[in-house]
Amino acid sequence: MPGSDQNCDVLKEPRLVERKFLARPQHEGAGAIVRRSIGRFELRYFDPFLALDEFSVTAPAGFPDHPHRGFETVTYMLQGSVAHEDFEGHKGTIGAGDLQWMTAGRGIVHSEMPAAQGTQKGLQLWINLSSKHKMIEPRYQEVPSKNIAEAVEDGIKVRVIAGEALGTKSPIYTRTPTMYLDFTLKPGNHLQQPVPTSWNAFVYVLEGEGVFGNLKSSAASAHHLLLLGTGDGLEAWNNSSKPLRFILVGGEPLGEPLVQYGPFVMNTQEEIDKTIDDFENCVNGFEKARHWRSESALSLEM
Ligand code: FJE
Ligand code: FE
């Protein structure tokens, strides 16, 4: 019909907010502070997501030499920068707006430390890998801020970390099918974003206040995680007088058994025992851990 608002019926069944959590600060790593939402004791796992940390680190605090196996870590910087280096010699700096998508697979040992003065802030999401991909070769996908796909439409800005939004696609390959969108809505804006119906999805608010799922629901502010129920997408409104920034993340659930021991995530206790053994004996992907120490760890000993 001419003049009708095509946007009004993009979604047939908008997802509603099922649970809401405030992520409070806690200590992690060496003196670092994280607001953990997924991965805390009330919410151990939101398949395929193992953890979401909004981290804040100021030197000399950081995340010194530690291993990972069986999942991916996605680091998206909000402020400042983090220096990373791993036992293969892969290293670099993740600055504000940059993305590092690390598939730990069979094993990575690395350090993640502040690379600048002041406080470095960002998000780190842990995405599980299916049993058939847990032992794949480690891989990095790194995208500097200037290369992150962005789209703007009707006062809505999106940075497409993974997946597709407003006709713009991310180049990131997601081994576990995942979407990761960083939205900023101006006051008065309304968003409708499709999300595959079979996926689990959540919102994490970074800035401002937003209404999610249903216009009648109460507004959510920074540091809140909203688990979305079933449906074909997300509807969000900025009815406040300030910009609203949040991430929308969705992923295909793996539906597999999970056994986690800190930074090792496998399907069975036997596989965890084997992983601890592999790490202690520096075998099956941990060979290079035997003689490796990060430069940041070595410099502290001088
Ligand atoms: C880890 C404790 C940790 N959240 N957010 C135990 F702190 C870590 C870890 C991180 C981490 C690193 C960054 Cl850059 C950002 C984070 C936890 O490194 F892996 C284990 N196992
Ligand atoms: Fe790490």
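Quick caveat, the model's predicted, so the values are computed rather than measured.

Below, the discussion takes up the overall build of the protein chain. In terms of helices and strands, the protein chain carries two helices and 26 strands. Here the C-alpha atoms of the protein chain give a radius of gyration of 20 Å, agreeing with the 19 Å that 2.2 N^0.38 yields for 302 residues. The dimensions of the protein chain, computed from C-alpha atoms along their principal axes, are 70 × 40 × 35 Å. Counting only residues that meet the buried cut, the protein chain has 51% of its 302 residues in that class. For the protein chain, long-range pairs separated by at least 24 residues make up 71% of all intrachain contacts whose partners lie at least 6 apart in sequence.

This part covers the confidence of the model for the protein chain. Residues of the protein chain with pLDDT of at least 70 account for 97%, and the chain-wide mean is 96. Across residues 1-6, confidence stays below pLDDT 50; counting only partners more than four residues off in sequence or on other chains, it has zero contacts.

Turning our eyes to something else, we now look at the sheet that holds strand E23 (residues 233-237). Across the sheet, four strands lie side by side as E18-E23-E20-E21; this open sheet has antiparallel pairing. The two strands at the open ends of the sheet, each matched to only one other strand, are strand E18 (190-194) and strand E21 (220-221). Here E18 runs beside E23; their pairing, made up of five bridges, is antiparallel. In the strand pairing of E23, Gln-193 is matched with Leu-234.

Note on sheets: strands pair through backbone hydrogen bonds, and any given pair is parallel or antiparallel. Across the sheet, four strands lie side by side as E5-E10-E7-E8; this open sheet has antiparallel pairing. Two strands in the sheet have a free side with no partner beyond their single neighbour: strand E5 (63-68) and strand E8 (91-94). Sheet twist, expressed as the average angle between the axes of neighbouring strands with direction ignored, equals 25°.

With that settled, the discussion passes to the coordination of the iron ion (ligand 2). The coordination sphere of the iron ion (ligand 2), as far as protein atoms go, consists of His-66 (NE2), His-68 (NE2), His-110 (NE2) and Glu-112 (OE), spread over 2.1 to 2.3 Å. Geometry at the iron ion (ligand 2) is irregular, judged from the four donor atoms that bind it and their angles of 83 to 177° at the metal. Each donor residue of the iron ion (ligand 2) belongs to the same chain, and together they define the spacing H-x1-H-x41-H-x1-E. Taken as a pair, His-66 in strand E5 and His-110 in strand E10 (residues 108-114) lie far apart in primary sequence, 44 residues in all. As far as burial versus exposure is concerned, His-66 and His-110 are alike and both buried.

Take the site of ligand 1 next. Near ligand 1 the following residues occur: Glu-28, Gly-29, Asp-53, Phe-55, Phe-63, His-66, His-68, Glu-112, Gln-124, Trp-126 and Pro-263. In the environment of ligand 1, a nitrogen atom lies 2.6 Å from a nitrogen or oxygen atom belonging to the side chain of Asp-53. At 3.1 Å from an oxygen atom of ligand 1 is found a side-chain nitrogen or oxygen belonging to His-66. Examining the composition of the shell around ligand 1, we find that three residues originate from one element, E5, more than from any other. For the shell around ligand 1, a count of residues per class yields four nonpolar, four polar and three charged.

The topology assignment puts Ser-37 in the loop between strand E3 (32-36) and strand E4 (49-58). Aside from chain neighbours lying at most four places away, what touches Ser-37 is Ala-23, Leu-43, Leu-52, Tyr-204 and Leu-225.

So, on to a negative patch on the surface. A surface patch of like charges, here negative, comprises Glu-270, Asp-273, Asp-277 and Glu-280. Within the secondary structure, Asp-277 is located in helix H1 (residues 269-281). Asp-277 sits in the partly exposed class, given a relative accessible area of 42%.

Another point: unusual backbone geometry. Here the bond from Asp-47 into Pro-48 is cis, since omega is 5°, no more than 30 degrees from zero. The omega angle of the peptide bond from Ala-59 to Pro-60 is 5°, so this bond is cis rather than trans. In this fold, Pro-60 is placed in the loop between E4 and E5. Here His-223, not a glycine, exhibits a phi torsion of approximately 70°, which is positive. You can see His-223 is positioned in the loop between E21 and strand E22 (224-228). Residue classification places His-223 among the partly exposed positions, given a relative accessible area of 22%. One non-glycine residue, Asn-284, adopts positive backbone phi at about 55°.

With 27 residues, the main nonpolar core has Leu-99, Trp-101, Leu-125, Tyr-180, Phe-202 and Leu-225 as its most contacted residues. Among the secondary structure elements, those contributing two or more residues to this core are E4, strand E6 (71-79), strand E9 (99-103), strand E11 (119-128), strand E14 (156-162), strand E19 (200-207), E22 and strand E24 (244-251). Setting aside anything within four residues of it in sequence, one finds Leu-99 in contact with Val-74, Thr-75, Tyr-76, Ile-94, Gln-141, Glu-142, Val-143, Ile-148, Ile-161 and Ile-172.

Moving on, we get to the pairing of E4. Along any regular strand, the residues point their side chains to alternate faces of the sheet. Of all 10 residues in E4, eight are buried; the element is thus mostly enclosed. Two strands pair when backbone bridges link them, and E4 and E11 are joined in this way by nine bridges, in the antiparallel orientation. By the bridge assignment for E11, Thr-58 is matched with Thr-119.

Calculation notes
- Residues numbered from 1 in each chain as written.
- Chains lettered and ligands numbered in written order.
- Predicted model: local features only at pLDDT ≥ 70, side-chain atom pairs only at ≥ 80, totals over all residues.
- Heavy atoms only, no water.
- Helix = DSSP H or I, 4+ residues; strand = E, 2+ residues; numbered from the N terminus.
- Rg over C-alpha atoms; globule rule 2.2 N^0.38 Å.
- Buried < 20%, exposed > 50% of the residue type's maximum accessible area, 1.4 Å probe, protein only.
- Contact = heavy atoms within 4.5 Å.
- pLDDT = per-residue confidence, 0-100.
- Pairing = 2+ DSSP bridges.
- Axes fitted to C-alpha atoms, helices over the stretch in contact; angles between N-to-C directions.
- Donors = N, O, S within 2.8 Å, 3.2 Å for Na, K, Ca; no water.
- Tetrahedral: all angles 85-135°; square planar, octahedral: opposite > 155°, others 65-115°.
- Near = heavy atom within 4 Å.
- Polar contact = N/O pair within 3.5 Å; in protein donor to acceptor, adjacent residues only side chain to side chain.
- Nonpolar A, V, L, I, M, F, W, Y, C, P; charged D, E, K, R; others polar.
- Patch = residues over 30% accessible without salt bridge, like charges linked within 9 Å, V, L, I, M, F, W, Y side chains within 5 Å.
- Areas by Shrake-Rupley, 256 points an atom, 1.4 Å probe, with all protein chains shown as cover.
- Salt bridge = Lys/Arg side-chain N within 4 Å of Asp/Glu carboxyl O.
- Lys, Arg positive; Asp, Glu negative; His and termini not counted.
- Charge placed at Lys NZ, Arg CZ, Asp CG, Glu CD.
- Core = buried A, V, L, I, M, F, W, Y, C linked by side-chain atoms within 4.5 Å.

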